[in-house]
Amino acid sequence: MSADARIKEMAPSLEASEREMERERQDVDATNSNTEPSASDWVNFSQWMHCFCVVTFDLNLGQALEHVYPPQFMPSDQEVSNICYMAFPDSNSGCMGDTKFHMRLRCTTRRDSLPGYNAECSPALRQDASHYWGFVYFRQKRDANLPRGYFQKSFIIITRLPFFNLYYDILSQLAPRYFEDGTDVLRLASEQINRQWPGLMVGKPLQLPLLECSYQICIPRTSSSRKSTAEGVGGTAESPPALAACPAAKVLCSVNEIELFRSLDFVMEQLYTLWELVITAEPIVVVGTSPADCSHMVQTLLALIAPLEYCAEARPYFTIHDSEFREFTQECTSKTTLPACILGVTNPFFVKLLKDWPHMLRLVDNQKNMQQQQHLLLGQKHARNIASATSFSSATELGGRSLKSSTVLNGSSNNGAGDASSAGLHSKYRPYLKKDKALIKKVLLGMKTKRPEHVQTALIRRHLLELTQSFMIPLERYMASLMPLQKDISPFKSAPNASSFKLDDFLATLETAGPQLTSPLKGDWKGLYRRFFRSPNFRGWYGARHRELQLTLQDLQLQALSEANLEHWAHDKQEVEIIDMILKLKQKLNLYGDKAQQLEGINGTQQQIRAQIECMKGLLPPDLKNVVNL
């Protein structure tokens, strides 16, 4: 047999072999694609977190993103740049060891939030559709084997939830494990969160297992939600369930409420001034030496006005490399005003750059204090060797005094005199209200008697809550008066609109129904309300309340429509008017269908509207129903 003949005989078998190999390659590709999950496979994980990031220091690139998990949620280039620059302290020479802090950065593309969750929880716990929260665990230690002589790396949790207590605890669990075991920890934790964590729910105990640990939390329901209001009227409202700790479960009483006293102890004399500055959204720059102190102080300031939502911008930690640097540090001219913002910074450059900002809060330099205390203790040790018993007693008394406590004397408002670099609030602002000296004395006495920090925090938080509620109650009462009367709501007309807010009319109500009825503080309340009226906090509060009023009016109008005697109304109406009413009822029914996922207890109203539609259909001749497709 010739060579050509043999080739012809072998050709079919070769083609079959090639087809078989191609099928095997396709099977392998399919298997690989199945083992690599897509973004849609991380739906449960993405409710709680966006991704884990690891940032390291590269000699050629500087701060560089080393790892992202899950890889499907890689941030955009702009987001990566911001994450990398804010993952390291601006001045990290003093941040030896481990440092934990948090940051807030703007999303380059707006993400879809969970409308049902956001509608039921308080504003302080909502998913942020336009910003990420970043919780950072920065480690720096000496390493002679590395070119720069230091190991520098940050482990970061990127999320849209402001659950500070939860994510800081998770940082403490995962970051050290990552530094020891590598990326396998991220994969295991991510898969466990995606498989075993429940979806975001409000008002129910949630179990969150994580590696060998487990968390138990409960996200409280907002008291102002329309769903809660409906439940309260119906008498079926339930108190938040108590958290029963499971074995080896860590119970977090609050996912977001931080220790206020930790940051406020040295500015207690200026507590009420800070409250006024925050509630009127004044520009404040917080200057510290550690991003941990700055981010905690900024978050503490925002918590001063709870439960009122802070609607201006806030950056717990901000650097000169941030993409919003120009936006927040623009010079104040005749045509521009300073941004309503609270910035936490550690770079001394900002002190000169933001010299036009009216309020600067300088934090205590904890590292410097520790060095001073060490020198003081060494001096005391030397004094004990050479001094008399009297000198020994005097030195001991001096050494027992906390340097941080002594800064309370320096935490006064700076009216242009004094040392501008000392710790405390430096501002020329004149408060509208007189401070409650009884509370300040009580807290300061607690500092002397070593009262536990959480007790001091509870004391401050309760007092500020009552103050903010006293401030907001007249506003809420006036907003309620803008509602139209019940007699103005007709089932046969469009829902009426709420009246507009008029500042002079509101101020006139303060004489008989002002905050002096519930607050012991004296002062110029009207002046403070005028300043609040011009702030983003008022615009945010008014916008939310006005939307609630409009929705309430629509609900009342829909209820009136479902209960009306339409058959009696239609007896003298033309067929075109009846058809128009049917279309209107269908539109309302569709509106209820959209609300069904957010509000409960509307099935009865839906059924009544359907019954009204059938009643109206029965009044039309059959041929007309077929023509208009009803």
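This is a predicted model, so every value here is computed, not measured. (Residues numbered from 1 in each chain as written. Predicted model: local features only at pLDDT ≥ 70, side-chain atom pairs only at ≥ 80, totals over all residues. Heavy atoms only, no water.)

*Asks:* Is there a simple way to explain the overall build of the protein chain in this structure?
*Replies:* For the protein chain, the helix and strand inventory stands at 25 helices and 13 strands. Summarising the internal contacts of the protein chain: among those between residues at least 6 apart in sequence, 73% fall at separations of at least 24. (Helix = DSSP H or I, 4+ residues; strand = E, 2+ residues; numbered from the N terminus. Contact = heavy atoms within 4.5 Å.)

*Asks:* Before we go on, may I ask you to explain the side chain of His50 in this structure?
*Replies:* Mapped onto the elements, His50 comes out in the loop between helix H2 (43-48) and strand E1 (51-58). A relative accessible area of 12% means that His50 is categorised as buried. At 3.3 Å, the side chain of His50 forms a polar contact with the backbone oxygen of Phe73. Only 3.5 Å separates the side chain of His50 from the side chain of Tyr132, close enough to count as a polar contact. In contact with His50, other than residues within four places in its own chain, are Phe45, Pro70, Phe73, Tyr132, Ile158 and Thr159. (Buried < 20%, exposed > 50% of the residue type's maximum accessible area, 1.4 Å probe, protein only. Polar contact = N/O pair within 3.5 Å; in protein donor to acceptor, adjacent residues only side chain to side chain.)

*Asks:* Honestly, the packing of helix H5 (residues 164-181) against helix H6 (residues 184-196) in this entry has me stumped. Any pointers?
*Replies:* Put simply, H5 and H6 touch, their axes get as near as 8 Å, and they point 140 degrees apart. By the angle between their directions, the pair H5 and H6 is classed as oblique. In this structure, H5 contributes Leu174, Arg177, Tyr178 and Asp181 to the contact, and H6 contributes Val185, Leu186 and Ala189. (Axes fitted to C-alpha atoms, helices over the stretch in contact; angles between N-to-C directions. Parallel < 35°, antiparallel > 145°, perpendicular 65-115°, else oblique.)

*Asks:* I'm lost on the pattern of salt bridges in this one. Help?
*Replies:* Side-chain pairing between opposite charges can occur once the charged atoms of the two side chains come close. Counted according to the given criterion, the structure contains 24 salt bridges. The partner of Lys153 in a salt bridge is Glu66, with the nearest N and O atoms 3.0 Å apart. On the criterion of sequence distance, the pair formed by Lys153 in strand E5 (residues 150-159) and Glu66 in strand E2 (residues 62-69) is long-range, its members being 87 residues apart. For Lys153, a relative accessible area of 14% translates into the label buried. Here the salt bridges share partners, and the residues they tie into one network are Arg104, Arg106, Asp128, Glu313, Arg315, Glu324 and Glu327. (Salt bridge = Lys/Arg side-chain N within 4 Å of Asp/Glu carboxyl O.)

*Asks:* Sorry if this is basic, but what is going on with the pairing of strand E12 (residues 359-362) here?
*Replies:* Put simply, side chains in a regular strand alternate between the two faces of the sheet. Going residue by residue along E12, you find His359 and Leu361 tucked away on one face and Met360 and Arg362 tucked away on the opposite face as well. Here four bridges tie E12 to strand E13 (residues 424-427), and the two strands are oriented antiparallel to one another. By the bridge assignment for E13, Met360 is matched with His426. (Pairing = 2+ DSSP bridges.)

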